[in-house]
Each structure stands twice: as C-alpha cells, then as structure tokens.
Amino acid sequence: MKWRVIELHENDAFFHMAMDEAVSEAVAQNKSPPTIRFWTWKPSAVSIGYFQSLKDEVDDSKTKELGVDIVRRRTGGGAVYHDNLGEITYSIIAPENMFPKNIIESYKEICGYLINAFDSLGIKSEFRPINDIIVNGKKISGNAQTRRNKILLQHGTILYTVDWEKMFSMLKVGKEKMSDKVMQHVKDLVTSVKDVNPDITQKQLFEALKNSFTQGKEFETGSWTEEELTRAKQLAEEKYSTKEWNYKK
Amino acid sequence: MKESERKVEGGKLLRIKVDVQENLIKNVSIEGDFFAHPENTIEQIEQELTNKEIDSDLEKIVQEIIDKNNAELVGVTAKDINEVILEALK
C-alpha cells in the first residue's frame, strides 16, 4: 500500500489534534492512504493526555501569560510542553492490521523508526516500554497511540532542544509546582538532540526522521485533501479548542 | 471529593477522585497518564460505578466493562482501579 508523507509543517495545537482525527476518519473510510506527517506547534503548546486533569497538570494562568495553548489529546499518556522551536512531532495513521496487534509491540515497531533515525545521526537510543525512547537513560521522545474504527494513530514528539525554565513554569508535577529539587530531577530524566550533539540542525533531524519512517515503504509526498482540511477546521473549532473538551477533567 | 493515587505498571500514574454519599458512589473521576483503547471505556466505567454501593465488588464491575468493550488497558488494571478507590475512601 502506498503511503502519503506530509512534510514538516506548522500550525496550532487545536488544528493538529483535529487533523490527526480528520485523517484517521478519512483513512477509515478508504478515502485517504495511510499517512505519515511531521509537524511543529505554533504557538507553543502544552498537550495533556486524554485521562489527565488539566488543572492538576498545567498552570493555566501561566500558559495564558506566555501565549501558550493547552490542548487535551485524544490519546492517553502524560502532559508535554511542545516548544515552537524545540521539537518535531510526527503522526502515523494507518489501518491497524498493518501493525502488530499487541500494543507494546506496535509501539516498539514505530519507535524503531525513531531509533533508526537517531542511529543515522550518530545517537544511540533505545525503546523503554511502554511508550518512551531514551538516550543514556534519559527520555528524548514520548509517544502515544490510540486505535479507533480499526485505525491506528500514533503521534509522538522528539525533543530537539529544551527550554527548561519555560517548561517548568507551566507544568506541575503531581499537584505541586516544580521545586528546584524536582527540576534537577527532571533534568536528570530528560534530554534532547541538541543536548547530545549541538551540531545537529532541526532540518537534519527532520530528514533523518523522514528517511527512517519511509524506509521500505512505497510513498508519495503530498498534503491533506480539501475534505480533510474542512473536517479538521470543524473539529478544531467544535472540539479541540473548547473548554468542554480541554477542561473535562 | 476524596482522592488517592498510585504508580502502576510502566511507571504510569493512576489518580482517582471520588464522592460518596450514604454508602453510594456519587461521582468518580479516573485520571492519569495511562492508556486505554477505546478511551471512552474509562467514561463508561465512571458511569457504571456511579450509584454503586462502596462495598460491592467494584473490581468485577470494572472488569466486566473492559471485557464488554473488548478494551485494552495499558498501565492500569481493574484491580488497580478498585484498590485506589478503596484507598481514597479510607
């Protein structure tokens, strides 16, 4: 089956969550091919997992002050700060029968693309179940998957560089704001591509990701359809940007 | 609202907030950074637990919804949910 690859593009958090859902629907209806897309968040945003309490995870007065969006994902997992310049995010959307039925195995397969990309950049990484990739024991990529209507969606983020102060000013650990001690602890747990090798550019990272995700796949570079775009705009407006959705827990 | 939390499989957090009136669960929110497919299984569990007596077999109720939905929970089990509710109510 021929894949569609949508190259690095930027948009806001609500649009991206909506586009993942719009493409999932289109793939489920056989209107679109399985799709891989790479994207960044503009403006920067915090995403929270489907089951998380927004107020427990995020200081929403601080995000407002900094012009940072908050969006609830349709996937589980944890809260993540997505800096506009600090990361690359991918989504892979395909019929679930193209991947292992076992959830951990399917994470492992898709995370394998990331590990190969890191490898090609000279960075040794490994998969840490359930959904992380680590370098020297520190997390460099978090991933989240859902399956609905026989379609697998996995999106994940690759940390290119980290703005610690900004990140810590918005995210809460448990219900507390981060103390210096907790901040040091998180610094010991999280790393980024620039941390490991400051010479790697974001473009090189994107190229490495694109090459590894498409390896062995027949693919065409393309964009979303008009129908997907219309649906995504609708979902962004009626779901992902609403208080009912984002503050539901 | 009473609450309790614990770290479960894969280091995931499970936090449950629960309200009880006259021995009946009135409001329950199952939260955390775990995964559940399909996601609305958790909402169904919350609905199903509402108005149940706190000394009923909550684990069985949760497991039945998981089975009925053919759901897959990653990083959390029916047993965890039952135990964290009971901890919250202690």
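Look a little higher up for the structure.
Here we look at the overall build of chain A
Within chain A one finds 10 helices and 13 strands. In terms of C-alpha radius of gyration, chain A reaches 17 Å, essentially the compact-globule figure of 18 Å for 249 residues. If one aligns the C-alpha atoms of chain A with their principal axes, the spans along those axes are about 50 × 45 × 30 Å. Going through the 249 residues of chain A one by one, you find that 57% of them count as buried. Sequence separation of 24 or more characterises 76% of the internal contacts of chain A that already satisfy a separation of 6 or more. With an accessible surface of roughly 10800 Å², chain A has 48% of that area assigned to carbon and sulfur atoms. In chain A, 36 side chains carry a positive charge and 36 a negative one; their mean positions are 3 Å apart.

Here's the deal with the packing of helix α1 (residues 13-28) of chain A against helix α9 (residues 226-240) of chain A
All names here are of chain A. Two elements in contact, α1 and α9, have axes separated by 8 Å at closest approach and are oriented at 130 degrees. Comparing the axis directions of α1 and α9 gives the class oblique. Between α1 and α9 lies a crossing whose hand is right-handed. For the pair α1 and α9, the contacting residues are F14, F15, M17, A18, M19, E21, A22, V23, E25 and A26 in the first and E228, L229, R231, A232, L235, A236, K239 and Y240 in the second.

Quick word on the interface of chain B and chain A
Contacts between the two partners involve 22 residues from chain B, matched on the other side by 26 residues from chain A. Both sides of the chain B and chain A interface together cover about 1800 Å² of buried area, and 53% of this is carbon and sulfur. For chain B, the biggest contributors to the area lost against chain A are B:F35, B:H37 and B:E39; these three give 34% of the whole. Counting across the interface, chain B meets chain A through five salt bridges. Salt-bridge contacts for B:E39 lead to A:R148; the nearest nitrogen and oxygen are separated by 2.9 Å. Taken together, the links from chain B to chain A amount to 14 residue pairs in polar contact (both at pLDDT 80 or more). Going through the elements one at a time, β2 (13-21), β3 (24-32), β4 (35-37), α1 (40-49) and β5 (72-74) of chain B are the ones with two or more residues in the side of chain B that touches chain A. A total of four residues in the side of chain B that touches chain A trace back to one element, the largest contributor, which is β3(B).

Describing the sheet that holds strand β5 (residues 80-82) of chain A
Through backbone hydrogen bonds, the strands of a sheet pair up, either in parallel or in antiparallel fashion. All names here are of chain A. Here three strands make up an open sheet; going across it, the order is β4-β3-β5 and the pairing mixed. The open sheet has two free edges, formed respectively by β4 (69-72) and β5, since each of these has just one partner strand. Neighbouring strand axes in the sheet, compared pairwise and without regard to direction, differ in orientation by 25 degrees on average. As judged from the three bridges shared by strand β3 (residues 45-48) and β5, these two strands associate in the antiparallel manner. Looking at β5, one finds that S47 is bridged to V80. Packing of α1 onto the sheet brings it into contact with β3 and β4, and relative to β4 it is tilted by some 25 degrees.

Details of the pattern of salt bridges
Once their charged atoms are close, side chains differing in charge can pair, the charge on each being opposite to the other. Residue and element names in this part refer to chain B. With the rule as written, the count across this model stands at 30 salt bridges over all chains. Of the charged contacts in the structure, one is a salt bridge between K52 and E48, with a shortest N-O distance of 3.7 Å. For E48, a relative accessible area of 36% translates into the label partly exposed.

Here's the deal with the packing of α1(B) against helix α2 (residues 58-68) of chain B
All names here are of chain B. Relative orientation of the contacting elements α1 and α2 amounts to 140 degrees, with a least axis distance of 10 Å. For the crossing formed where α1 meets α2, the hand is right-handed. Seen from α1, the contacting residues are T41, Q44, I45, E48 and L49; seen from α2, they are L58, I61, V62, I65, I66 and K68. A per-class count over the contact of α1 with α2 returns seven nonpolar, two polar and two charged.

Some thoughts on the environment of A:R74
Following the sequence through the fold, A:R74 ends up in the loop between β4 and β5. We classify A:R74 as buried; its relative accessible area is 6%. Taking the C-alpha atoms as reference, A:R74 lies 7.6 Å from A:T146; in sequence the two are 72 residues apart. The contact partners of A:R74, leaving out residues within four places of it in the chain, are A:D20, A:E21, A:S24, A:Y50, A:T146, A:R148, A:L153, A:Y240, A:W245 and B:E39. Engagement of the side chain of A:R74 in a polar contact is seen with the side chain of A:S24, the distance being 3.4 Å.

Some remarks on unusual backbone geometry
Excluding glycine, a negative phi dihedral is what most residues carry, and trans is how most peptide bonds are arranged. Residues and elements named next belong to chain A. Following K42, the chain continues into P43 via a peptide bond in cis, with omega recorded as 0 degrees. Tracing the chain through its elements places P43 in the loop between β2 (35-41) and β3. With an omega of 20 degrees, the peptide bond running from P129 to I130 counts as cis. Residue position: I130 is located in the loop between β7 (126-128) and β8 (132-135). Of note, N149 is a non-glycine position whose phi angle comes to about 50 degrees, a positive value. Relative to the helices and strands, N149 is located in the loop between β9 (138-148) and β10 (151-159). Although it is not a glycine, K150 adopts a positive phi angle of roughly 65 degrees.

Rules used throughout
- Residues numbered from 1 in each chain as written.
- Chains lettered and ligands numbered in written order.
- Predicted model: local features only at pLDDT ≥ 70, side-chain atom pairs only at ≥ 80, totals over all residues.
- Heavy atoms only, no water.
- Helix = DSSP H or I, 4+ residues; strand = E, 2+ residues; numbered from the N terminus.
- Rg over C-alpha atoms; globule rule 2.2 N^0.38 Å.
- Buried < 20%, exposed > 50% of the residue type's maximum accessible area, 1.4 Å probe, protein only.
- Contact = heavy atoms within 4.5 Å.
- Areas by Shrake-Rupley, 256 points an atom, 1.4 Å probe, with all protein chains shown as cover.
- Lys, Arg positive; Asp, Glu negative; His and termini not counted.
- Charge placed at Lys NZ, Arg CZ, Asp CG, Glu CD.
- Axes fitted to C-alpha atoms, helices over the stretch in contact; angles between N-to-C directions.
- Parallel < 35°, antiparallel > 145°, perpendicular 65-115°, else oblique.
- Left-handed = near helix turned anticlockwise from the far one by under 90°.
- Buried area = accessible area lost by both parts, 1.4 Å probe.
- Salt bridge = Lys/Arg side-chain N within 4 Å of Asp/Glu carboxyl O.
- Polar contact = N/O pair within 3.5 Å; in protein donor to acceptor, adjacent residues only side chain to side chain.
- Pairing = 2+ DSSP bridges.
- Nonpolar A, V, L, I, M, F, W, Y, C, P; charged D, E, K, R; others polar.

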